[in-house]
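Understanding the architecture of this molecule
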Amino acid sequence: MFEKSTWIKLPRNVLVGHGVLDDVGTAVSELSLAGTPLLVTSPTPNDLAGDRLRAQFDDVETVTVGSASFGAVAEIVEAAEAADATFLVALGGGKPIDLAKMAADELGVGFVSVPTAASHDGIVSGRSSIPEGDTRHSVAADPPLAVIADTEIMANAPWELTTAGCADIISNYTAVKDWRLARRLKNVEYSEYAGALSEMTAEMLVDSADSIKQGLEESSWIVSKALVSSGVAMSIAGSSRPASGAEHLFSHQLDRIADSPGLHGHQVGVGSILTEFLHTGENGQWRAIRDALEAIGAPTTAAELGIDDETVIEALTTAHTIRDRYTILGDGVNEDAAVEVATFTGVI
Ligand SMILES: [Zn+2]
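Owing to the predicted nature of the structure, the values given are computational and were not obtained by experimental measurement.

Focus on the pattern of salt bridges
One pass over the structure, following the stated rule, counts nine salt bridges. Salt-bridge contacts for Asp51 lead to Arg54; the nearest nitrogen and oxygen are separated by 3.0 Å. Remark: Arg54 and Asp51 occur in helix α2 (residues 43-54); sequence separation between them is three residues, near one turn of the helix. Taking the relative accessible area as the measure of exposure, Asp51 reaches 59% and is therefore exposed. Put simply, Glu192 and Arg183 hold a salt bridge, and the shortest N to O gap is 3.6 Å. Among the residues examined, Glu192 registers a relative accessible area of 52% and is labelled exposed. Residue classification places Arg183 among the partly exposed positions, given a relative accessible area of 30%.

And the structure:
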């Protein structure tokens, strides 16, 4: 008898397009969400779009968050309880969305994601990670009930946020390779469907690289759709595996040790060049990854990330310790090997 079962949770309404910010109210009422929303945002997105959003609800409170921390999550929970909020609407780049996602999970209510930048796949997925002291907590929560991505607003976000979103998608290539490796070596559960969807998403983004240009609203549209599709792959897998492998460990490690870390997507992009080399060697596909990143204007070197070479080497040699996730890093890359990889690929 076949007894296996999986629970796939997906966003129900996804709107991507010009001016869809004004459709948040409609998207919410279509979800039959009763009661009062709490708007979770940070100062800049609030100035940019807060009023337009609030105008769509009869009764809405707002909480403005600063840094990504557990304190901020507690603040949102408190504000939601004080306002008797029955669901959350997160407006902003990655931060308010990550925080609202965790607070919604704690409160046992749903949330709606309204990203103002296409900077990483957290805007769609049920995953969030929040730094605490020296570590990083990765939390699995439900994905948003709805994602409303207004390309007009996103196109006006700083351009590097869009290239970071692209690089986060390009890193799916190595994430899936790590996932397959873990299946072969550690019998980690693998989903063909999720793996293929994740790779196809990266493929389609790379194929559209010519249309990803500063000042072109279509760029935000392409990246948003790719981020949604990547989020769906994670929902199908029931884990972040389809979009997060060793390149993500490398980036999390840089977040911990670099004086001023780069954007998440930019760091995982550079990480992908390195881990692709580890997977397939000098004649492998690391050049294709580097060229794709270069084509969209994302960093491909430590210098472009604004991080010194030593820190990159330290991150590469210690990234495997970050979490219990088997990847090409195995039980660690030694320093000489790390220097060789980073030098050969031109990262340092
Ligand atoms: Zn990512």
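Observations regarding the coordination of the zinc ion
Surrounding the zinc ion are the protein donor atoms Asp168 (OD), Asp168 (OD), His248 (NE2) and His264 (NE2), which sit 2.1 to 2.7 Å from the metal. For the zinc ion, the four donor atoms are set out with angles of 52 to 146° between them, so the coordination reads as irregular.

A word on the UniProt feature "binding site: Zn(2+)" (unreviewed entry) in the protein
Sequence positions flagged by UniProt for "binding site: Zn(2+)" (unreviewed entry) are, in local numbering, Asp168, His248 and His264. A maximum C-alpha distance of 9.1 Å is found for the annotated residues, which run over 97 residues; spatially they form one tight group. With a relative accessible area of 0%, Asp168 lands in the buried category. A polar contact of 3.2 Å, which involves the side chain of Asp168, links it to the backbone nitrogen of Asp121. As for its placement among the helices and strands, His264 is situated in helix α11 (residues 264-280).

Observations regarding the domain arrangement of the protein
Domain parsing of the protein yields domain 1 (13-155) and domain 2 (160-191 + 241-344). Here domain 1 and domain 2 have C-alpha centroids that lie 28 Å from each other. Contacts between the two partners involve 10 residues from domain 1 and, on the opposite side, 11 residues from domain 2. The junction of domain 1 with domain 2 conceals about 810 Å² of combined surface from both sides, 49% of it contributed by carbon and sulfur atoms. Summed over the shared surface of domain 1 and domain 2, the number is zero salt bridges. Put simply, domain 1 and domain 2 have two residue pairs in polar contact (both at pLDDT 80 or more) between them. A per-class count over the side of domain 1 that touches domain 2 returns three nonpolar, four polar and three charged.

Examining unusual backbone geometry
The backbone of Asp84 sits at a positive phi, close to 55°, despite the residue not being glycine. Among the secondary structure elements, Asp84 is positioned in the loop between α3 (70-82) and β4 (85-92). For Asp84, a relative accessible area of 60% puts it in the exposed group. Of note, the phi angle at Asn187 is positive, near 55°, even though the residue is not glycine. Along the chain, Asn187 falls in the loop between α7 (172-186) and α8 (192-207).

Observations concerning the UniProt feature "binding site: substrate" (unreviewed entry) in the protein
Here, the residues flagged by UniProt with the feature "binding site: substrate" (unreviewed entry) are Asp121, Asp168 and His252. Residue placement: Asp121 occurs in the loop between β5 (110-115) and β6 (127-132). Look at Asp121 and you get buried, because its relative accessible area is 8%. Sequence-distant contacts of Asp121, defined by excluding residues within four places in its chain, comprise Asp168, Leu227, Ser230, Met234 and Ala243.

Reading the values: the criteria
- Residues numbered from 1 in each chain as written.
- Predicted model: local features only at pLDDT ≥ 70, side-chain atom pairs only at ≥ 80, totals over all residues.
- Heavy atoms only, no water.
- Salt bridge = Lys/Arg side-chain N within 4 Å of Asp/Glu carboxyl O.
- Helix = DSSP H or I, 4+ residues; strand = E, 2+ residues; numbered from the N terminus.
- Buried < 20%, exposed > 50% of the residue type's maximum accessible area, 1.4 Å probe, protein only.
- Donors = N, O, S within 2.8 Å, 3.2 Å for Na, K, Ca; no water.
- Tetrahedral: all angles 85-135°; square planar, octahedral: opposite > 155°, others 65-115°.
- UniProt positions renumbered as here; feature names shortened; annotations may be inferred.
- Polar contact = N/O pair within 3.5 Å; in protein donor to acceptor, adjacent residues only side chain to side chain.
- Domains from an automatic or database assignment.
- Contact = heavy atoms within 4.5 Å.
- Buried area = accessible area lost by both parts, 1.4 Å probe.
- Nonpolar A, V, L, I, M, F, W, Y, C, P; charged D, E, K, R; others polar.

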